[in-house]
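# Architecture and fold: a report
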Amino acid sequence: MVGYWDPLPALEAAGDSGLVWRGDWSDRNWRNVPGPFYCGLTDTVWHLLDVAPDNVLCDDEDRGFVFRQPSDAVAVAGIVMTAHDDCYLGFARDGDEHWTVPAVREWWSERHRVEEWIDRVLPQWGANGDLAEAAGARRYSEYLAGELADDLRHYMFWLDCRRSPAPGECLPEL
């Protein structure tokens, strides 16, 4: 990633009416990665895994969460569509109002919880034939082990400065 891409301006083009974002920060699923989008209490969104497969997943209690923040308008449209189809209206887009640099660091320091959860559910989902769920869990695991650290560092810079870093500017440490 060159910098942080703010997905919120792409909401209008994605057909967002603003009426579906009723998720509550206090109900946030701890598996949500830091960023503007997250899920609070949701209905199962398993049937929507093909709509936003690189961004949204369900836990083993059928609660949705955003495992990767959108990085383009197509991904934003997928999250909007998923939010519109959640009958509990548990998706939210106000994460930027709640996340802070220290809070992102804290989430990152506890990422082992997510890794342990993936290690527990992945064999179950594979054995049950839940292929979309298993594929989503593998994507989340790969993201945790790969690009997420850099994405979070860019997001922390954006939270602090509300802009992407200029060439040569240092990013915050996790």
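Let me begin by describing the structure that accompanies this report. (Residues numbered from 1 in each chain as written. Predicted model: local features only at pLDDT ≥ 70, side-chain atom pairs only at ≥ 80, totals over all residues. Heavy atoms only, no water.)

### A short note on the nonpolar core
The biggest cluster of nonpolar side chains holds 27 residues, and the ones touching the most others in it are Trp 107, Tyr 140 and Leu 148. Contributing elements (two or more residues each) for this core: helix H2 (101-109), helix H3 (112-128), helix H4 (131-145) and helix H5 (148-161). By residue number, the principal contributor to this core is H5, which donates six residues. Membership of the second largest hydrophobic core comes to 14 residues, among which are Val 20, Trp 21, Val 56 and Val 80. (Core = buried A, V, L, I, M, F, W, Y, C linked by side-chain atoms within 4.5 Å. Buried < 20%, exposed > 50% of the residue type's maximum accessible area, 1.4 Å probe, protein only. Helix = DSSP H or I, 4+ residues; strand = E, 2+ residues; numbered from the N terminus.)

### Re unusual backbone geometry
Its identity as a non-glycine residue notwithstanding, Asp 62 has a phi of 65°, on the positive side. Within the element layout of this structure, Asp 62 appears in the loop between strand E2 (56-58) and strand E3 (64-66). Here the phi dihedral of Leu 89 falls at roughly 55°; this positive angle occurs in a residue that is not glycine.

### Some thoughts on the pattern of salt bridges
Any two side chains of opposite charge can pair if their charged atoms end up close together. Inspection of every chain in the model, using the stated rule, returns nine salt bridges. We note a salt bridge from Asp 150 to Arg 153, for which the minimum N-O separation is 4.0 Å. With a gap of three residues between them, Asp 150 and Arg 153 both fall in helix H5, about one helical turn apart. Note on Asp 150: relative accessible area 43%, which makes it partly exposed. A cluster of three or more residues bridged by salt bridges with shared partners is formed by Arg 31, Asp 59, Asp 60 and Arg 120. (Salt bridge = Lys/Arg side-chain N within 4 Å of Asp/Glu carboxyl O.)

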